[in-house]
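Per-entry structural report
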Amino acid sequence: MEKILIIGGVAAGATAAAKARRISSTAEITILEAGPDVSFANCGLPYFLGGDIPERSSLILQSPESFWEQYRIKVLVNTRAESLDRQKKRVIAKNALNGEVQEFEYTKLILAQGGLPIRPALPGVDHPHVFTLWTLQDMDRIHLFIKEKKPKTAVIAGGGFIGLEMAEALAKRNILVHIVEKLPYAMGIMDPEFAGFIQEELFAHGVSLHTGVGVTGITPEVVETEDGNAIPADMVLLSIGVRPTLALAESAELVIGKAGGLLVDEYLRTSDPDIYAAGDMVEIEHRVHHGKVRIPLAGPANRQGRIAAENALGGKQPYAGAIGTSVVKVFDAIAGMTGLSLKAAKKLGLDAEAVTVHKEHHTAYYPGAEQVSVRLVYDRKTGRILGGETAGYAGADRRLDVVATAVFSGMTIHDLASVDFAYSPPIGTANDALNMTAFAAENRASGFSPSLVAEELDDFVSTRRPAIVDVRDSFAFEKGHIDGAENIPLEFLAEKLSDFPSDASFLIYDDNGKKGHQALRLLLGLGRTDVHYISGGFASVARHARAEKFSAFQVQLPVITQKNTPTPAAKETRPETIYMRIARQNAERRERDAAGPLIIDVRTPKEFAKGAYPGAINIPLDSLPDRIEELGGKDRYITLYCASGARSAYAARLLEERGFTHITNGGGIMQMMRKK
């Protein structure tokens, strides 16, 4: 009879046990778990602390009793494996509560011991207000501390997944949060602009970031950092990484790999053919570059547990490797990555390029459209997709899963460009953001539309000294721009071209890359040859600058709108909304200029709020038929405008049909501003 012994009973271990029982109804299966709980949802711990998960019990997936009742699997908790005798195929374990020592024999052993949070040797690290978060007991201690001590300030050491999730959780508990991150920016595994998106969301919710510095000491009142700063901290969370649990494997002289994890082959066998391993403690092959890596994520751990169990019972199922797909939600923002980031690909010496596109997650005209950002990293010669990143407030997770599928299956940018994605106005767009990103990659790779991502700008600007041209409207330019850029809206670019030397190098940017591409094609068509546009436009530039400053130029960053929950007193004042403000301003202008010429902006209130012609009133095109009486006499001189002139032309026809005799279509907002 097979005796399957599993050491470790959370993600990989619990999954391996259940899979082993489904394969064999006769095998003797035993789990040894060093902690007091088995098979709990450790990924959900921050969300209980933040109040998103109301019931603690919902995090408990199995118990020793339920494992026995459902699977006839014996589970011993609080039981730590002390030694492993590979020749005799036995493990000696000790019960942490009563000191009892037991011996367990096996025919096949599965190691799934995971890892433990790194607790650095710092002054004050053992103070009672200093925590890590890894187990239910850790969560309980933090929850009780907040409930009883009511801390007002917290410092989180580490800006990775747990650190960011806990920043949100603590902020929701009305605690002022500081994150201290040794790397240049939080979420250091991502490329800067996608990390910058997350950092903007943190800033909007009042979370402070201290990057490029480490913690040097902790006192009962403050956290001290390498730059001499002392940050007030009523509580401290250490979230600086996880170290694999390898003591048992090392004592048994199993081979440890170069990446620092337990080495396994494609079948998840260790250097001992009767011992398998899975989860955070192992190193496996990265499916893109084929090197050995540690990827401590729940998805790979669960799949490895299944495969280890199958192979321990005589199967020959290879593990296909992992690509490190990971995602984080911080307040309302979601960002994730899969495969290789651009910086990781470059570090590996791969001939990689990247593009970024920002596009609505469903059609712009259907209510609720949010911008989703997609980056593709691909091999410059073959077009094979090496990795990607996504970010947004809606739809980012869906696009990330598609990119992960593309990376895993070896698709190219040309394959992705041709995929038919589900489309309906509430669901997506006719050309999805993924299609558009693939189109942009094809255009860059072919030379049809040369582009640069934010990481490439320092080198390009310092060596080429290009004329930097911002083709957005003046309102957007005033809110944020690259220092030294000349603001020439796209509508006027052709006529301004003679202002530049015939051999000038151009670097073009807009809001999100779309008009930048248009401007580049315009200049190439007019005979200019040295033209590039910024992939992702100013949105990408600003996010990159939030995370990592440029060295060749400075960026004037837009002010971040605060999203903090209003206090009860603030709620009572009922702050003026955009619609209320525009209605008030419209009424004031009509009263002041009751009979004079009238300028009407027929764009939406959101467009109007971004910048409008001085003295204009806002009557959206859809509202115009119901608000004719507000315009006064039909012989009044009225000028209409919108973003491009299309909606105002429609409005002009509508008013003329209603008998108005002095109607002028002023065209787009930039044409109007030019006449000012």
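Throughout this document, residue positions are counted from 1 along each chain, in the order its sequence is written. Totals for whole chains, interfaces and linings use every residue, but because this is a predicted model, local features are given only for residues with pLDDT of at least 70 and side-chain atom pairs only at 80 or more, for both listing and counting. The basis for every side-chain value is the complete set of heavy atoms in the structure, and neither hydrogens nor water enter the calculation.

What about the pattern of salt bridges?
Within this document, salt bridges are pairs made up of a side-chain nitrogen of Lys or Arg and a carboxyl oxygen of Asp or Glu, the two lying within 4 Å of each other. As enumerated under the stated definition, the model contains 30 salt bridges in all. In this structure, Arg119 engages Asp126 in a salt bridge whose closest nitrogen and oxygen atoms are separated by 3.9 Å. Note that Glu226 and Lys182 form a salt bridge whose closest N and O atoms lie 2.5 Å from each other. Here Lys182 lies in the loop between strand 11 (176-181) and helix 6 (192-204) and Glu226 lies in the loop between strand 14 (222-225) and strand 15 (230-232), a separation of 44 residues in the sequence. Buried means the residue's accessible area, taken with a 1.4 Å probe over protein chains only, is under 20% of the maximum for its type, while exposed means over 50%, and partly exposed covers the values in between. You can call Glu226 partly exposed: its relative accessible area is 43%. Linked by salt bridges that have partners in common, Asp52, Glu168, Lys172 and Lys329 make up one network. Counting from the N terminus, the helices are the DSSP runs of H or I reaching at least four residues and the strands are the DSSP runs of E reaching at least two.

Overview of the sheet that holds strand 16 (residues 235-238)
The sheet built from five strands is open, its strands ordered 9-16-10-11-12 with parallel pairing. Each end of this open sheet is capped by a strand with a single partner; those strands are strand 9 (130-131) and strand 12 (208-211). Strand direction decides the pairing type here: strand 9 and strand 16, joined by two bridges, are parallel. Bridge pairing in strand 16 places Val130 opposite Val236. Two strands make a pair as long as DSSP finds a minimum of two bridges between them.

Quick look at the pairing of strand 22 (residues 326-330)
On strand 22, burial follows the alternation: Ser326, Val328 and Val330 on one face are buried, whereas Val327 and Lys329 on the facing-out side are not. Here strand 22 pairs with strand 23 (residues 333-339) via five bridges, running antiparallel. In the strand pairing of strand 23, Val328 is matched with Ala335. What sits between strand 22 and strand 23 in their antiparallel hairpin is a turn of two residues, with Phe331 showing a positive phi close to 55 degrees.

A short note on the sheet that holds strand 35 (residues 617-618)
Within the open sheet, the four strands sit side by side as 35-34-36-37. Their pairing is parallel. The sheet is open, and its two edges are formed by strand 35 and strand 37 (662-668), each paired on a single side. Throughout, a contact is declared for two residues whenever any of their heavy atoms are within 4.5 Å. Axis lines are fitted to C-alpha atoms, over the contacting stretch for helices. Their N-to-C directions set the angle, which ranges from 0 to 180 degrees. Sheet contacts for helix 21 (residues 646-657): strand 36 (637-642) and strand 37; angle to strand 36, the most-contacted strand, approximately 150 degrees.

Some words on the confidence of the model for the chain
The predictor rates its confidence in each residue with pLDDT, a number between 0 and 100. With 95% of its residues at a pLDDT of 70 or more, the chain shows a mean pLDDT of 94. Long-range and interchain partners of residues 565-574, a stretch whose pLDDT sits below 50, account for two contacts in this model, where long-range means more than four residues apart.

Some remarks on the side chain of Lys19
As for its position among the elements, Lys19 is in helix 1 (residues 11-23). Charged residues are defined here as Lys and Arg on the positive side and Asp and Glu on the negative side; His and the ends of the chain fall outside this count. Comment: no salt bridge for buried Lys19; closest opposite-charge side chain is Glu310, at 4.5 Å.

As for helix 6
The terminal C-alpha atoms of helix 6 lie 18 Å apart, and with 13 residues this matches the ideal 18 Å at 1.5 Å per residue to within 8%. Counting buried residues in helix 6 gives twelve out of 13 residues, a clear majority hidden from the surface. Within the sequence span of helix 6, burial applies to Pro192, Glu193, Phe194, Ala195, Gly196, Phe197, Ile198, Gln199, Glu200, Glu201, Leu202 and Ala204. Positive backbone phi, at 80 degrees, marks Gly206, one or two positions downstream of helix 6. Multiplying 1.5 Å by the residue count of a helix minus one yields the expected span of that helix.

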